[in-house]
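Read off the chains here:
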Amino acid sequence: MPVQSTDVAILGVDVGGTFTDAVLVEDGRIRTAKVPTAARQEESVIAAAGAVGDAAALERFAHGTTVATNALLERRGARTAYVGNAGFEHLLHLRRQTRAHLYRLCAEHPEPLVPLERCHGVRGRLGPDGELEPLELDSLPDLGDVEAIAVCLLFAFRDRSHEHAVAAELRRRHPGVHVVASHELAPEFREYERASTTAADAYLAPVAARYLRALVSAAAEAGLPEPVVMLSSGGVLPA
């Protein structure tokens, strides 16, 4: 199909549950291909890129994937711990009052991404106008064998000092573990919203990172440029 003439080639590959689709725009023409999606999705991406035809010189290789969405829906995320203020450890389980049936107290909710036994508290407290209780890093418990840690402390959207110190200590104690603090991700008010967003990032980041590392390696071996990855907003970021 003819399109506006261009001197560059652009490749896009999208992974679906059944098929992986590729589109190549080169020399004013569009070529497409479709291959079955394999268990190792990066293999399907490279296969689709090969099926659409060789490009002389790719200007951009863009990739769309639902690997994080699938992990969330299928509950295949990382083994995650949650750290909040002492006394607020169970924020993910308390949630908010908003629910489908306000007065149906027995209504079931989806299980939080972090179980109760992996929700922990640290002593120390900030209020809206400053420190109410000094932070005690020694009160951080042993979090055990985890792949990711989410940190969300009260009023961290106004003052990140306690949360920053907790995250730094956890990174020191758990090298190689993905640690994310709410002020780094969503520095907005309302504790449950910040906590659940931070927990989701912690839960999904190791899964997405493993896939993207495998994809970048496979692309390099196939002679393809490093892909940019499409975001849910429609933009792209480097892998």
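This structure is a prediction, so every number in the text was calculated from the model and none was measured. (Residues numbered from 1 in each chain as written. Predicted model: local features only at pLDDT ≥ 70, side-chain atom pairs only at ≥ 80, totals over all residues. Heavy atoms only, no water.)

**A closer look at the side chain of His174**
- Residue placement: His174 occurs in the loop between α4 (161-173) and β10 (178-181).
- The buried category is assigned to His174, whose relative accessible area is 13%.
- Those residues in contact with His174 that lie beyond four places of it in its chain are Leu143, Gly144 and Ile149. (Helix = DSSP H or I, 4+ residues; strand = E, 2+ residues; numbered from the N terminus. Buried < 20%, exposed > 50% of the residue type's maximum accessible area, 1.4 Å probe, protein only. Contact = heavy atoms within 4.5 Å.)

**Some points on the sheet that holds strand β2 (residues 19-26)**
- The six strands are arranged β3-β2-β1-β4-β11-β12 in an open sheet whose pairing can be described as mixed. Strands at the two margins of the open sheet, each flanked by one partner only, are β3 (29-36) and β12 (236-238). Mean inter-strand twist for the sheet, computed between neighbouring axes without regard to direction, equals 20°.
- The sheet contact formed by strand β1 (residues 9-15) and strand β4 (residues 58-64) spans six bridges and is parallel. By the bridge assignment for β4, Gly12 is matched with Ala62. (Pairing = 2+ DSSP bridges. Axes fitted to C-alpha atoms, helices over the stretch in contact; angles between N-to-C directions.)

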